[in-house]
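# A look at the structure
Residue-level listing of the chains:
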Amino acid sequence: MSGFSNITLIDLDTIELSNLNRQFLFKKKHIGLPKAQVAAQAIHHMSSSSCITPIVDNIKASQFDALWFETFDIAINALDNLDARRHVNLMCQAAKIPLIETGTAGYVGQTTVIQNNLTECFECQPKPVEQKTFPVCTIRNTPSSMIHCVVWAKDYLFSQIFGDKSENSQYLDSDDPDDSKMIKEAENLSKLIESITDPNFQNLLFDSVFGYSIQVLLELDKLWESRQKPTCLYFDSFLQSVPSTTSTPTFDLKQILDINTCFQIWCSSLKALVSRSQITSLISFDKDDSDALQFVASSANIRAHIFGIPNESIFQIKAMAGNIIPAIATTNAIIAGIAVMQAIKVVSGNIANCKTVYYTYGGNRPQYLYKEPLLKPNPDCSICQAKYFLLSADFSTVKLQDLVSFIQTYQHNICSDEYFSLLEGNRILYDPDFQDNLPKTLESLNVFPGTILSITPEDDHQKGSFLCAVKRNGNVDQSLSIELSGNSKLDTGSKNLVPQKRKIETSPDAVESKKAESLNGTTSSTDQQTKSSGNKQLLIDLDSNEQNTVYLDDD
Ligand SMILES: [Zn+2]
């Protein structure tokens with residue numbers, strides 16, 4: 001209806017009763033069906049000329065690699081979590097495609113346009129850390145209500161084991177001498193997590209966080225002068241009352257869980273998360289991820305039991321952990337409409353007229369919409385100022401040593417420093433002091449198409465690079481190839497520095513000058529002419545989104 005003829009819609013969720021008040025494409029009979037499929041059918045009904053491809057999957061899944069992103073002219077985000085937003089931002093930087101970023105919370109919303117080398121990206125400004133409304137010592141030492149246990153389970157335990165460890169360092173930072181014992185305890189936990197593949201990991205973890213850590217707390221006498229003392233729980237004593245932990249526990253989401261059921265849920269959800277963590281290095285908490293929710297809910301309940309706090313149902317804990325702010329249909333519709341208008345401007349080669357738009361309703365405001373010009377990229381941003389390369393290889397035979405030597409040989413083009421480390425997320429694969437993985441194949445290190453590797457120079461002043469592992473068709477004889485990303489769409493006059501098997505394509509200057517012309521609105525680049533006259537390809541990414549139908553409701 002707005003002129004986009006080819007739209008790919010990606011979303012992982014199924015329709016729930018609570019979606020129907022604001023997601024107008026869905027009816028009661030659709031409850032339980034995938035949102036992407038039902039939305040695509042509904043749109044096809046309204047506009048049979050448009051081709052809508054629904055995909056029921058996570059946008060972070062490995063098949064959606066940088067080459068897949070490159071097939072689109074533009075992407076629109078309608079996401080509800082930071083982790084997925086960061087991922088799509090990075091992939092759009094790698095694929096050099098424009099991204100419309102949107103967000104709403106209650107009666108406020110905003111939308112902006114992100115284009116590599118032209119505008120700020122999603123990561124150019126540091127994101128404000130989520131406000132912790134509870135004193136850290138209460139969460140860590142003396143919880144007195146379920147919300148304290150939920151914050152501990154989600155922001156400390158879960159993220160310490162599966163998430164970004166750096167985000168919870170605030171829990172380990174104190175000059176109080178009593179706290180030094182707790183810091184030691186947390187360090188022990190970090191060491192324990194390194195043995196995540198140990199068959200006894202669940203026993204060790206349980207004893208550490210629900211047994212020994214509580215024992216350490218009990219030694220801090222002054223904490224318990226006017227409080228009920230906690231009780232330590234250990235895995236073995238528990239196991240006697242719970243004979244079978246191999247079967248999946250059955251429970252009702254709204255039922256208040258007893259401690260034995262919590263123990264069973266804890267074991268089964270931990271097992272599921274540990275096996276997932278072998279494939280993905282980071283798992284972020286998502287209230288709709290049932291393994292993550294069950295682990296956090298059972299951990300919070302076990303901790304509550306230890307501190308004599310009444311247990312709660314998984315349903316109640318989900319509401320606490322999700323920080324639920326109501327989604328408002330009108331806010332979503334307004335932001336969605338603006339996002340589509342921005343998208344039309346971008347694909348028409350008119351990005352110079354795009355703005356960041358803010359919507360706020362309420363009070364005595366003279367107007368509800370405010371706009372600001374798009375800002376230039378932050379020259380210190382580690383995401384949009386990095387160089388992106390596509391890495392294709394036979395991942396089952398190429399060893400990490402081959403890749404590292406390749407980078408060292410062509411270091412001048414790929415990395416600005418001869419000393420560098422190679423990471424996947426927070427997982428270090430190689431650095432000058434850690435060479436254990438060098439003889440291993442990329443595949444055995446869980447590096448395959450879809451994986452993003454970052455090359456971080458030892459010299460902090462140098463810019464980093466990203467290697468986006470992709471699957472190339474028809475290059476089976478090519479043992480290892482690294483090329484500058486984004487060139488397939490631009491005539492940059494690039495040349496192969498290394499012909500034959502190993503190839504580096506370069507010429508970023510040509511790309512930048514074209515982008516600069518486009519920002520100034522002086523000359524429309526050939527790239528954008530092609531886009532606006534050709535068949536428009538639009539990616540709408542609705543992964544785990546609460547507001548997705550609205551994007552399709554714009555006329
Ligand atoms: Zn940036």
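Residues numbered from 1 in each chain as written. Predicted model: local features only at pLDDT ≥ 70, side-chain atom pairs only at ≥ 80, totals over all residues. Heavy atoms only, no water.

### A word on the overall build of the chain
For the chain, the count of helices and strands is 16 helices and 16 strands. Counting all 555 residues of the chain, 51% fall into the buried class. Once local pairs closer than 6 in sequence are excluded, the contacts in the chain between residues at least 24 apart make up 67%. With the model as given, the accessible surface of the chain reaches about 25,600 Å², and the carbon-plus-sulfur share is 51%. (Helix = DSSP H or I, 4+ residues; strand = E, 2+ residues; numbered from the N terminus. Buried < 20%, exposed > 50% of the residue type's maximum accessible area, 1.4 Å probe, protein only. Contact = heavy atoms within 4.5 Å. Areas by Shrake-Rupley, 256 points an atom, 1.4 Å probe, with all protein chains shown as cover.)

### Some remarks on the UniProt feature "binding site: Zn(2+)" (unreviewed entry) in the chain
In the numbering adopted here, UniProt assigns the feature "binding site: Zn(2+)" (unreviewed entry) to Cys-121, Cys-124, Cys-381 and Cys-384. Taken together, the annotated residues stretch across 264 residues yet fold into one region, lying no more than 8.4 Å apart by C-alpha. By secondary structure assignment, the location of Cys-121 is in the loop between strand E5 (108-114) and helix H4 (136-140). Here Cys-121 falls in the buried class, since its relative accessible area comes to 5%. Setting aside residues up to four positions removed in sequence, Cys-121 forms contacts with Asn-89, Gln-93, Ile-114, Cys-381, Ile-383 and Cys-384. Its place among the elements puts Cys-124 in the loop between E5 and H4. The class for Cys-124 is buried, based on a relative accessible area of 3%. (UniProt positions renumbered as here; feature names shortened; annotations may be inferred.)

### With respect to the UniProt feature "binding site: ATP" (unreviewed entry) in the chain
Under the UniProt annotation, the feature "binding site: ATP" (unreviewed entry) is placed at Asp-11, Asn-19, Leu-20, Asn-21, Arg-22, Lys-35, Asp-80, Asn-81, Leu-82, Asp-83, Ala-84 and Arg-85. Overall, the relative accessible area of 37% leaves Leu-82 in the partly exposed class. Apart from residues no more than four positions distant in its own chain, Leu-82 is found in contact with Phe-122 and Lys-127. By the secondary structure assignment, Ala-84 is in helix H3 (residues 82-95).

### As for the coordination of the zinc ion
Ligation of the zinc ion by protein atoms is provided by Cys-121 (SG), Cys-124 (SG), Cys-381 (SG) and Cys-384 (SG), these donors lying 2.3 Å from the ion. Each of the four donor atoms around the zinc ion contributes to a set of angles spanning 96 to 118°, which defines the coordination as tetrahedral. For the zinc ion, the single-chain donor residues occur in sequence as C-x2-C-x256-C-x2-C. (Donors = N, O, S within 2.8 Å, 3.2 Å for Na, K, Ca; no water. Tetrahedral: all angles 85-135°; square planar, octahedral: opposite > 155°, others 65-115°.)

### Observations regarding the packing of aromatic side chains
Taken as a whole, this structure holds 22 aromatic pairs when the rule is applied. An aromatic cluster of at least three residues, connected via ring pairs, comprises Trp-152, Tyr-156, Phe-158, Phe-162, Phe-206, Phe-210, Phe-235, Phe-263, Trp-266, Phe-285 and Phe-295. A cation over a ring is seen here: Lys-254 above Phe-315, with NZ or CZ 4.6 Å from the ring centre. (Phe/Tyr/Trp six-rings, centres within 6.5 Å; stacked < 30°, edge-to-face > 60°. Lys NZ or Arg CZ within 6 Å of the ring centre and 35° of its normal.)

### Considering H3
Since there are 3.6 residues in each turn of an α-helix, residues three or four apart along the chain are aligned in direction. For H3, spanning 14 residues, the distance from its first C-alpha to its last is 20 Å, which sits close to the expected 20 Å at 1.5 Å a residue. Here H3 lies mainly inside the structure; eleven of its 14 residues are buried. Those residues of H3 not exposed but buried are Ala-84, Arg-85, His-87, Val-88, Asn-89, Leu-90, Met-91, Cys-92, Gln-93, Ala-94 and Ala-95. Phi for Lys-96, located one or two positions after H3, is positive at around 60°. (Expected span 1.5 Å × (residues − 1).)

### Topic: the pattern of salt bridges
Going through the model one piece at a time under the given rule, you end up with ten salt bridges. Note that Glu-123 is salt-bridged to Arg-86, the shortest N-O span being 3.2 Å. Highlighted residues: Glu-123 in the loop between E5 and H4 and Arg-86 in helix H3, separated in sequence by 37 residues. Since its relative accessible area comes to 21%, Glu-123 is described here as partly exposed. With a relative accessible area of 29%, Arg-86 lands in the partly exposed category. One continuous salt-bridge network, built from bridges that share partners, spans Arg-276, Asp-289 and Asp-291. (Salt bridge = Lys/Arg side-chain N within 4 Å of Asp/Glu carboxyl O.)

### Regarding the environment of Tyr-430
Mapping Tyr-430 onto the fold places it in strand E10 (residues 427-430). Under the relative-accessibility criterion, Tyr-430 is labelled buried at 6%. Through-space distance from the C-alpha of Tyr-430 to that of Gln-401 is 9.3 Å; in sequence the pair is 29 residues apart. Setting aside residues up to four positions removed in sequence, Tyr-430 forms contacts with Leu-400, Val-404, Gln-408, Phe-420, Ser-421, Leu-422, Gln-435 and Leu-438.

### With respect to the pairing of strand E12 (residues 465-469)
The element E12 is extensively covered by neighbouring structure, given that five of its five residues are classed as buried. Across the two faces of E12 the burial is the same, with Ser-465, Leu-467 and Ala-469 and Phe-466 and Cys-468 all buried. Two elements, strand E8 (residues 387-393) and E12, share five bridges in a ladder whose sense is parallel. The partner of Tyr-388 across the bridge, within E12, is Phe-466. By the bridge criterion, four bridges tie strand E11 (residues 452-457) to E12 in an arrangement that is antiparallel. Bridge pairing in E12 links Ile-452 to Cys-468. (Pairing = 2+ DSSP bridges.)

### Focus: the confidence of the model for the chain
The pLDDT averaged across the chain works out to 80; a share of 79% of its residues lies at or above 70. Looking across the chain, the model is least confident in strand E14 (residues 495-496), with a mean pLDDT of 32, and most confident in strand E3 (residues 74-77), with 96. Segment residues 487-534 is flagged for pLDDT under 50; beyond a separation of four residues in sequence, or across chains, it makes 84 contacts in the model. Contacts for the low-pLDDT stretch residues 543-555, under 50 throughout, to residues beyond four places or in other chains number 67 contacts. (pLDDT = per-residue confidence, 0-100.)

### Some thoughts on the packing of helix H5 (residues 146-162) against helix H10 (residues 290-306)
At a minimum axis distance of 8 Å, the contact between H5 and H10 shows a crossing angle of 125°. Between H5 and H10, the angle falls in the class oblique. The way H5 lies across H10 gives a crossing that is right-handed. Where H5 abuts H10, its residues Met-146, Cys-149, Val-150, Trp-152, Ala-153, Lys-154, Leu-157, Phe-158, Ile-161 and Phe-162 lie against Ala-292, Phe-295, Val-296, Ser-299, Ala-300, Asn-301, Arg-303 and Ala-304. Per-class residue counts for the contact of H5 with H10 are 14 nonpolar, two polar and two charged. (Axes fitted to C-alpha atoms, helices over the stretch in contact; angles between N-to-C directions. Parallel < 35°, antiparallel > 145°, perpendicular 65-115°, else oblique. Left-handed = near helix turned anticlockwise from the far one by under 90°. Nonpolar A, V, L, I, M, F, W, Y, C, P; charged D, E, K, R; others polar.)

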